[in-house]
Amino acid sequence: MEETSKGNVDAYELPWVEKYRPTLLSEIVGNEETVHRLSLIAKEGNMPNVIISGMPGIGKTTSILCLAHELLGPAYKEGVLELNASDDRGIDVVRNRIKAFAQKKVTLPPGRHKIVILDEADSMTAGAQQALRRTMEIYSNTTRFALACNQSSKIIEPIQSRCAMLRYAKLTDAQVLKRLLELCDLENVPHNSEGLEALIFTAEGDMRQAINNLQSTYSGFGYVNADNVFKVCDQPHPVIIYGMIEKCTEGDVDAALQSLRQLWDAGYSALDIITTTFRVVKSYSQMEEGTKLDYIKASAASLSKTSLTIYTGNWTDAHADIGRCAIARATLGFDRPTL
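Parameters and conventions
Residues numbered from 1 in each chain as written. Predicted model: local features only at pLDDT ≥ 70, side-chain atom pairs only at ≥ 80, totals over all residues. Heavy atoms only, no water. UniProt positions renumbered as here; feature names shortened; annotations may be inferred. Helix = DSSP H or I, 4+ residues; strand = E, 2+ residues; numbered from the N terminus. Buried < 20%, exposed > 50% of the residue type's maximum accessible area, 1.4 Å probe, protein only. Contact = heavy atoms within 4.5 Å. Pairing = 2+ DSSP bridges. Axes fitted to C-alpha atoms, helices over the stretch in contact; angles between N-to-C directions. Parallel < 35°, antiparallel > 145°, perpendicular 65-115°, else oblique. Nonpolar A, V, L, I, M, F, W, Y, C, P; charged D, E, K, R; others polar. pLDDT = per-residue confidence, 0-100. Disulfide = S-S within 2.5 Å. Salt bridge = Lys/Arg side-chain N within 4 Å of Asp/Glu carboxyl O.

For the chain, the name recorded in an unreviewed UniProt entry is Replication factor C subunit 4, with Bifiguratus adelaidae as its organism. The Sequence similarities (unreviewed entry) field of the UniProt record for the chain holds the comment "Belongs to the activator 1 small subunits family." Per UniProt, the comment on the chain under Subcellular location (unreviewed entry) is "Nucleus".

Attention shifts here to the overall build of the chain. Scanning the chain for helices and strands turns up 16 helices and five strands. Counting only residues that meet the buried cut, the chain has 47% of its 339 residues in that class. When contacts within the chain are restricted to residue pairs at least 6 apart in sequence, long-range pairs at least 24 apart make up 72% of them.

Our next topic: the sheet that holds strand β5 (residues 164–167). Pairing within the open sheet is parallel, and its five strands lie in the order β2-β3-β4-β1-β5. What marks the edges here is a single partner per strand, and that holds for β2 (80–83) and β5. Ignoring which end each strand starts from, the neighbouring axes of this sheet average 15° apart. The sheet contact formed by β2 and strand β3 (residues 114–118) spans four bridges and is parallel. Note that in β3 the partner of E82 across the bridge is I117.

What you tend to see is this: most non-glycine residues have negative phi, and most peptide bonds are trans. Residue E120 is not a glycine yet carries a positive backbone phi of 50°. By secondary structure assignment, the location of E120 is in the loop between β3 and α6 (126–138). Positive phi values are uncommon outside glycine, yet N188 reaches one of about 55°. With respect to the secondary-structure elements, N188 resides in the loop between α8 (173–187) and α9 (193–203).

A few words on the side chain of N31. Here N31 is to be found in the loop between α1 (16–19) and α2 (32–44). Those residues in contact with N31, other than ones at most four positions away along the chain, are I58, R167, Y168, A169, L171 and Q175.

At a closest axis distance of 7 Å, the pairing of α9 and helix α11 (residues 226–233) adopts a crossing angle of 30°. Relative to α11, the element α9 lies roughly parallel. Where α9 abuts α11, its residues E194, G195, A198, L199, F201 and T202 lie against A226, V229, F230 and C233. Grouping the amino acids of the contact of α9 with α11 by side-chain chemistry returns seven nonpolar, two polar and one charged.

We now examine α11. Considered for burial, the residues of α11 that qualify are A226, N228, V229, F230 and C233. Residues of α11 that are buried in the fold lie against α9, α10 (207–221) and α12 (238–249). In the stretch just after α11, D234 is the one whose phi turns positive, near 55°.

For the rest of this paragraph, the subject is the confidence of the model for the chain. Per-residue pLDDT for the chain averages 79, and the proportion of residues at 70 or more is 79%. Note on residues 1–9: pLDDT under 50 across the span, and 16 contacts to partners over four residues away in sequence or across chains. Within the model, pLDDT remains below 50 along residues 315–322, and this stretch shows 12 contacts once partners closer than five positions in the same chain are excluded.

This part takes up the state of the cysteines. Counted by the stated rule, this structure contains zero disulfides. Cysteine C149 shares no disulfide, and the gap to the nearest cysteine sulfur, in C163, comes to 9.7 Å. Given a relative accessible area of 1%, C149 falls into the buried group.

Now for the pattern of salt bridges. Going through the model one piece at a time under the given rule, you end up with seven salt bridges. The shortest N-O distance in the salt bridge between R133 and E137 comes to 3.7 Å. Residue R133 and its partner E137 are both found in helix α6; the two are separated by four residues, about one turn of the helix. Here E137 makes a salt bridge to R162, at a shortest N to O gap of 2.2 Å. Of this pair, E137 sits in helix α6 while R162 sits in the loop between α7 (157–160) and β5; the two residues are 25 residues apart in sequence, bridging distant segments of the chain. Bridged by salt links that share partners, the residues R133, R134, E137 and R162 form one connected network.

Okay, structure coming up:
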């Protein structure tokens, strides 16, 4: 069948994030101490109920799947029930499907338990969590529960007290870069260093997003460089933001506002511009710390105003001045006239 992309990616190829998903705990990138604790659990065989919390795309679900594979081996298919955010996980599912799985008789290796994996468990309703609490108590001899969530505070206290809590930190740029280089070698992806830096910048420690952006850029353009990455991710180019900040630092606010207008006319929202400005300022080495803090404060204030606008629906006023305020207030301490 004729290819529909500029790269060498087949139209029906499996997403790389699934194709190269780790199958062993030793293959997981980052959070070495926490992964080592899971490795000890896999070695000993007595798995407790666990909650793994952290930001998206850092390996929470993958760690649980690897742990289940190492614990159950060939019995994985029969001994694991996985429910993610796309499944109905109301109180009826807990009472019926999960309870039925906990009651099911399965042949497992000696000393092992059946495992129920609940991805994005913090999105479960309070009623479902209460029902789950009771199920965890009744079937504790045969079934263990592994919950992955972004915010552990949304898990009710009775469940938290029954689980070992593991927290995953954001992946470092070096860890993301190492994995991207491995995938580029495996898939023969032509790239340059600026393209990989752009992938790391847009991912913000999210390995899943970095890999998806890598595959999307390769599929769309056949070459991974900074311009192609930012076209795929549709984010304001940091080079323009850098230039804007330099003009502000020099006191040339009019030129900075011209760059801002360029981004605005390109269709980027105020939130996109401010968020990228915030991230660029953090890594801007040619700026005094005091001035950098002023930028960050102004960006934070503008982000709050943008969030309020989302709820009030007053887009006209917000888009007209939020980005302007983030630049002008940070440098000169006052708002400029309307663009």
